[in-house]
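Report on the structure
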Amino acid sequence: VTPTYSEERNIPYGALILASFLRAHGMRAMVAPLREFYQESGCYTHFDDGTPESRKTFAYKTSEILSSLLRRLRPGAIGLSVNFAIHQLAAEIIIDQIRSLAPDLPLLIGGNHATHTAEHWLTRQNSVNFVVLGEGEQTCLQLLQSGFKPGDISGLALRRKDGSVEIRKRPKPLTTEQISVPLDLELVALPRWAPLSSQKHWVGLSRGCNWNCAFCTSHSMWGRQRYREPKAVATEIERVVQTGARRIIFSDDMLNPGSRRFQGLLDALRRFPSCSFSTMIRMDLLDRTDLKALSVANIDYVYLGVESFSVPVLEAMNKKARLVDTDAVESLMERIKAAGMKTIMFMLIGHPGSNFERDMNSARFCRKLVDRGLVSVVFPAHIAPFPGTAMATMEQQGAFRIVEPRMNRWTLWRPNIELLDSSGRVAYSAEEMQKVFDEYLDCWYEHGLESSGGTE
Ligand code: B12
Ligand code: SF4
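Residue positions are given per chain, counting from 1 as you read along its sequence in written order. Key to labels: chains lettered from A, ligands numbered from 1, both in the order written. With the structure being a predicted model, the display of local features is reserved for residues of pLDDT at least 70 and the display and counting of side-chain atom pairs for 80 or more, all residues being used for whole-chain, interface and lining totals. Hydrogen atoms and water are omitted, and side-chain values are computed over all heavy atoms in the structure.

Moving on, we come to the site of ligand 1. In the region of ligand 1, 36 residues are neighbours, and Ile11, Ser81, Ala85, Glu137 and Thr217 sit closest. Definition of a polar contact: a pair of N or O atoms within 3.5 Å, with one able to donate and the other able to accept a hydrogen when the atoms are protein atoms, and with sequence-neighbouring residues admitted only if both atoms are side-chain atoms. One nitrogen or oxygen atom from the main chain of Ala85 is found 2.7 Å from an oxygen atom belonging to ligand 1. Mapped onto the shell around ligand 1, the elements with two or more residues apiece are α1 (13-24), β3 (78-81), α4 (112-116), α6 (137-145) and α7 (218-222). Of the residues assigned to the shell around ligand 1, the class counts are 15 nonpolar, 16 polar and five charged. Distances are taken per atom, and a residue is near a molecule or strand as soon as one of its heavy atoms is within 4 Å of it. Only runs of H or I of at least four residues qualify as helices and only runs of E of at least two qualify as strands under DSSP, and these elements are numbered from the N terminus. Gly counts as polar in this scheme, as do all residues outside two lists: the nonpolar Ala, Val, Leu, Ile, Met, Phe, Trp, Tyr, Cys and Pro, and the charged Asp, Glu, Lys and Arg.

Another point: the packing of aromatic side chains. Only centres within 6.5 Å qualify two rings of Phe, Tyr or Trp (six-membered ring in Trp) as a pair; their planes then separate them into stacked at under 30 degrees, edge-to-face at over 60, and tilted for everything else. Within this structure, the stated rule accounts for eight aromatic pairs. Here the aromatic rings of Phe346 and Phe379 are separated by 5.6 Å at their centres, their planes lie at 20°, and the arrangement is stacked. Of the two residues, Phe346 is situated in strand β14 (residues 342-349) and Phe379 in strand β15 (residues 377-382); the sequence distance between them amounts to 33 residues. Accessibility expressed as a relative area gives 23% for Phe346, which makes it partly exposed. Relative to Trp410, the ring of Phe386 has its centre 5.9 Å away and its plane inclined at 70°; by these criteria the two rings are edge-to-face. Three exposure classes are used, based on accessible area relative to the maximum for each residue type with a 1.4 Å probe and protein chains only: buried under 20%, partly exposed in between, and exposed over 50%.

Strands were regarded as paired on the criterion that DSSP finds at least two bridges between them. Spatially, five strands are ordered β3-β4-β5-β6-β7 in an open sheet, and the strand pairing comes out mixed. In this open sheet, the two strands that pair with only one neighbour each are β3 and β7 (165-167). Strand-to-strand twist in this sheet, taken as the mean axis angle between neighbours without regard to direction, amounts to 20°. Summarising the sheet, strand β6 (residues 156-159) and β7 pair through three bridges and their orientation is antiparallel. Within the sheet, the bridge partner assigned to Ala157 lies in β7 and is Ile167. Simply put, an axis is a line fit to the C-alpha atoms, just over the touching stretch for a helix, and the angle between two N-to-C directions goes from 0 to 180 degrees.

Further remarks concern the pairing of β14. Burial analysis of β14 places six of its eight residues in the buried class, the great majority of the element. Sheet analysis places strand β13 (residues 299-307) next to β14, joined by six bridges and oriented parallel. Each bridged residue has a counterpart across the sheet, and for Tyr301 the counterpart in β14 is Lys342. Bridge analysis of β14 against β15 gives six bridges, and the strand direction is parallel. Within the sheet, the bridge partner assigned to Leu348 lies in β15 and is Ala381. Regarding the hand of the β-α-β motif, the stretch spanning β14, helix α14 (residues 356-371) and β15 is right-handed. Crossover handedness is defined here as right-handed if the route from the first strand over the helix to the second strand goes clockwise, with the strands pointing away from the viewer.

What follows is about helix α2 (residues 52-73). Multiply 1.5 Å by the residue count of a helix minus one, and that product is the helix's expected span. The first and last C-alpha atoms of α2 sit 31 Å apart over 22 residues, in line with the 32 Å expected at 1.5 Å per residue. Where α2 terminates, the next one or two residues include Arg74, which has phi positive at roughly 45°.

On to the pattern of salt bridges. Think of a salt bridge as a Lys or Arg side-chain nitrogen and an Asp or Glu carboxyl oxygen that are within 4 Å of each other. For the coordinates displayed, the defined rule picks out 25 salt bridges. One salt bridge in this structure joins Asp267 and Arg270, with 2.9 Å as the shortest N-O distance. Taken together, the residues span about one helical turn, with Asp267 and Arg270 both in helix α9 (residues 262-270) at a distance of three residues. A relative accessible area of 35% places Asp267 in the partly exposed class.

Contact geometry for α14 and helix α16 (residues 430-447): axes closest at 9 Å, N-to-C directions at 5°. Taken together, the axes of α14 and α16 are roughly parallel relative to one another. Two secondary-structure elements touch here, α14 through Phe356, Asp359, Met360, Ser362, Ala363, Arg364, Cys366, Arg367, Val370 and Asp371 and α16 through Glu432, Lys435, Val436, Glu439, Tyr440, Asp442, Cys443, Glu446 and His447. Class assignment of the residues belonging to the contact of α14 with α16 gives a composition of eight nonpolar, two polar and nine charged. Oblique is the label for any angle not covered by the other classes, which are roughly parallel (under 35 degrees), roughly antiparallel (over 145) and roughly perpendicular (65 to 115). Any pair of residues with heavy atoms lying within 4.5 Å of one another is described as a contacting pair.

Nine residue types can take part in a nonpolar core, namely buried Ala, Val, Leu, Ile, Met, Phe, Trp, Tyr and Cys, and a core is a set of them joined through side-chain atoms within 4.5 Å. Counting 107 residues, the largest nonpolar core has Met283, Phe309, Met333 and Met345 as the members making the most contacts within it. By residue number, the principal contributor to this core is α1, which donates seven residues. Leaving out residues up to four positions away in the same chain, Met345 has contacts with Met283, Leu304, Val306, Phe309, Met333, Cys366, Leu369, Val375, Val377, Val378 and Phe379. By size, the runner-up hydrophobic cluster in this structure holds 35 residues, among which are Ala90, Ile94, Ile95 and Leu105.

It is worth spelling out the pairing of β15 at this point. Among the six residues that make up β15, six are buried, leaving the element largely enclosed by the rest of the structure. Residues Val377, Phe379 and Ala381 line one face of β15 and the alternating positions Val378, Pro380 and His382 line the opposite face, and both faces are buried.

This brings us to the sheet that holds β13. With respect to topology, six strands assemble into an open sheet ordered β8-β11-β12-β13-β14-β15, the strand pairing being parallel. Bordering the open sheet on either side are β8 (201-203) and β15, each of which pairs with just one other strand. Put simply, the sheet's adjacent strands are angled 25° from each other on average, direction ignored. Pairing between strand β12 (residues 276-281) and β13: five bridges, direction parallel. Each bridged residue has a counterpart across the sheet, and for Ser278 the counterpart in β13 is Tyr301.

Dropping the structure here:
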């Protein structure tokens, strides 16, 4: 099961990939994207308005949904997929309900956020039996095959008999073959009012990233980048296109056109002329890429994780950005446009190393790019110290203080931290960060929010 939030209707890609792998190895597995089951008068209701009543309603509804799923699917174990910090509270409520409905059923949890907060899920009152760390496939398969006897299976976190928590070493990164099992869309248990055709579709070409930016969990989750087999990717896309999908968003952290397998993947994409693709990429990599080749493969939206246009901020982020000169950025944007693609930029506010002036200057430069029609949308986000990131450890070094301790509120629309100076005084306040955010929003309102290639 995957928790719920008021996001758009995204296919639960990671959980489905895991289930597809398990099925290919002879296991029975189904994925229930819980979000789709929370309906009131025909539309989704988000539970968390901050009141205890809304949580009670969520717990009650969750219990109803889970007991009907348990009756229907008769699972031998339940896995909960928790990729996002914002799912923290929802996941806790779901676990409480599972524990009261099926106290003896083995319960596992996995996903990015769960991996980096393993101890929490093992030590709270209603705990899970196992946390699967990082890539889930091999560890989960071994655990199921062993009948939940952890033996020396790597990649697990669990409670020892004496109550202490054991966080085991991760296995070696999975091989190309292991990560290439194509998505099996039959494994998604959707209610009748949420057909596959109404979902937003994701496909992964690769896993991991060769950079190690301070605010990002990619490195600690996946390690170095590995591409999937082009043939398997083509099979996966074919299955997705058969549902009627006309846009696929790549779930890759970072497309790396320098890779050996990249051309094979572009060839695979060209087999689906009815489908358009959106991808995440670094701006400096795109600068060295044959843009025409991307556009011929129907990649028409590029999301650039730019984060900042200030050199000291990029350095503090360990972004290792090679394209920082504003004239060079403008010229790249012109080339992207000329190649028939649209650009969406992601910007961060409040990272250690930044200050009001630096972030505001970045926002103003973004506005210039939007005014010139070179960038379609700019998405600003307030930084959050996600567990598993180098940035999270900077709190102990006194770089910032957390102003929003509830991780389920880390939607990145509001400030989560304030930056401190060396004497512990606030150097960049939440209020100032909000002003920078509002500068980005003003630009949105002036230009209107254009369709953003599949993601908001
Ligand atoms: C695609 C994506 C999205 C999509 C989600 C699409 C979807 N299908 O749900 C969209 C655009 C909606 C999105 C939005 C956001 N995202 Co996002 N997203 C990603 C991204 C790039 C890929 C996810 C993915 O599909 N990975 C590939 C699949 C195969 O992996 P997986 O899901 O992790 O599953 C594997 C393992 O985790 C494990 N596993 C997973 N579940 C389970 C369960 C069990 C039981 C087991 C055993 C194993 C297991 O096994 C799987 C196979 O190995 C990740 C980064 C990344 N590379 O993972 C960020 C990432 C998850 N997002 C992130 C963030 C911050 C956000 C936003 C908050 C950003 C924003 N400001 O809006 C929003 C919030 C979304 C929301 N819920 O409202 C952060 C999360 C950090 C955190 N701790 O919260 C990540 C990690 C990126 C980062 N910066 O580090 N995102
Ligand atoms: S922010 Fe982008 S480039 Fe940096 S580590 Fe994460 S995925 Fe890689």
